[in-house]
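# A structural walkthrough
Listed below, chain by chain, are the residues.
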Amino acid sequence: MRIKTGIGIDVHRLEKGMNLWLGGIKIEHTKGCVAHSDGDVLIHAICDALLGAAGLGDIGLHFPDSCPAYKGIDSKLLLQKTKEIIENKGFAISNIDSVVCLQCPKIRPYIDEMRQCLAGILEINIEDMSVKATTTEYLGFEGREEGVSAYATALIYKL
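Now for a quick tour of the structure. (Residues numbered from 1 in each chain as written. Predicted model: local features only at pLDDT ≥ 70, side-chain atom pairs only at ≥ 80, totals over all residues. Heavy atoms only, no water.)

### Observations concerning the overall build of the chain
- Within the chain one finds five helices and seven strands.
- N-terminal to C-terminal, the α/β element order of the chain is β-β-β-β-α-α-α-β-α-β-α-β.
- Here the C-alpha radius of gyration of the chain, 15 Å, is about what a compact globule of 159 residues would show, namely 15 Å.
- On the principal axes, the C-alpha backbone points of the chain span a range of 45 × 35 × 25 Å.
- Burial statistics for the chain: of 159 residues in total, 46% are counted as buried.
- Look at the contacts in the chain between residues 6 or more apart in sequence, and 72% of them connect residues 24 or more apart.
- Here the chain displays about 7800 Å² of accessible surface, and carbon together with sulfur accounts for 53% of that area. (Helix = DSSP H or I, 4+ residues; strand = E, 2+ residues; numbered from the N terminus. Rg over C-alpha atoms; globule rule 2.2 N^0.38 Å. Buried < 20%, exposed > 50% of the residue type's maximum accessible area, 1.4 Å probe, protein only. Contact = heavy atoms within 4.5 Å. Areas by Shrake-Rupley, 256 points an atom, 1.4 Å probe, with all protein chains shown as cover.)

Structure representation (structure tokens):
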């Protein structure tokens, strides 16, 4: 069996009046992500981790922000398409580990729902889908509530 790993990172600026989507779940908050798509940094980081593990580039290569078709797109659709891309290359997902970094709001109450949503899209066991959250203790752009970042690693294997 051929095993491969990948890492993904995404960052978006936060702005008042925008929607905040994380892990496919809409989070109630006064600020949301400024982006070409819905700005779900967690899903974007996971897509990059999966594509990178398979040696297939990154999310921008497959879903460019210059393409009008992806304007405002639900990132859950991008994750589904990413899964199909790696499956078409003969890979399956073993597990995903991820972390969201933001000061506010606290997202712990949403993590189980995020894991369920993401595991469902990826067709993996919920035990194989990890989502964690951290703050920066008021340091940096996350700490100043100017933005949010997400990091993900993926373990995939060749069928």
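On we go.
### Observations concerning the packing of helix α1 (residues 41–53) against helix α3 (residues 75–88)
- Where α1 meets α3, the closest approach of the two axes is 9 Å, and the angle between their N-to-C directions is 10 degrees. Taken together, α1 and α3 sit at an angle that is classed as roughly parallel. Taking contact as the criterion, the partners of Ile-43, His-44, Ile-46, Cys-47, Leu-50 and Leu-51 in α1 are, on α3, Ser-75, Lys-76, Leu-78, Leu-79, Thr-82, Ile-85 and Ile-86. (Axes fitted to C-alpha atoms, helices over the stretch in contact; angles between N-to-C directions. Parallel < 35°, antiparallel > 145°, perpendicular 65-115°, else oblique.)

### Notes on helix α4 (residues 111–122)
- Here α4 contains 12 residues, and its C-alpha end-to-end distance of 16 Å stays within 8% of the 16 Å for a straight helix at 1.5 Å per residue.
- In this structure, the buried side of α4 is in contact with β2 (20–22), β3 (25–27), α1, α3, β5 (91–101) and β6 (129–134).
- Once α4 ends, the next one or two residues include Glu-123, with phi positive near 55 degrees. (Expected span 1.5 Å × (residues − 1).)

### Observations regarding the nonpolar core
- Counting residues in each nonpolar core, the largest one holds 46 residues, and the members touching the most others are Ile-46 and Leu-50.
- Counting residues per element, this core draws most heavily on α1, at 10 residues.
- Sequence-distant contacts of Leu-50, that is, excluding residues within four places in its chain, are made with Leu-79, Thr-82, Ile-86, Ile-93, Ile-96, Leu-122, Ala-154 and Ile-156. (Core = buried A, V, L, I, M, F, W, Y, C linked by side-chain atoms within 4.5 Å.)

### Structural notes on a nonpolar patch on the surface
- Taken together, the side chains of Ile-9, Val-11, Phe-141 and Tyr-151 define a hydrophobic patch exposed on the protein surface, amounting to about 320 Å² of accessible area.
- Checked against the element boundaries, Phe-141 lands in helix α5 (residues 140–143). (Patch = residues over 30% accessible without salt bridge, like charges linked within 9 Å, V, L, I, M, F, W, Y side chains within 5 Å. Salt bridge = Lys/Arg side-chain N within 4 Å of Asp/Glu carboxyl O.)

### A few points about the side chain of His-12
- Looking at the element boundaries, His-12 is found in strand β1 (residues 3–16).
- The class of His-12 is buried, set by a relative accessible area of 14%.
- In contact with His-12, other than residues within four places in its own chain, are Cys-33, Val-34, Ala-35, Gly-39, Val-41, His-44, Glu-146, Gly-147 and Val-148.

### Remarks on the pairing of β5
- Where β5 and strand β7 (residues 147–158) come together, 10 bridges link them in antiparallel fashion. Residue pairing for β7: Ile-93 is matched across the bridge by Ile-156.
- Strand direction decides the pairing type here: β5 and β6, joined by six bridges, are parallel. Directly across from Asp-97, in β6, lies its bridge partner Ser-130.
- Crossover connection from β5 via α4 to parallel β6: handedness right-handed. (Pairing = 2+ DSSP bridges. Right-handed = clockwise from strand over helix to strand, strands pointing away.)

### Looking at the sheet that holds strand β4 (residues 31–33)
- Taken together, five strands build an open sheet; the order of strands is β4-β1-β7-β5-β6 and the sheet is mixed. Of all the strands in the sheet, the pair left with one neighbour each is β4 and β6. Taking the axes of each pair of neighbouring strands and ignoring which way they run, one obtains an average angle of 25 degrees across the sheet.
- Both β1 and β7 contribute to a ladder of 11 bridges, which runs antiparallel. Within β7, the residue paired with Gly-6 across the bridge is Ala-154.
- Lying on the sheet, α4 is in contact with β5 and β6; it crosses β6 at an angle near 145 degrees.

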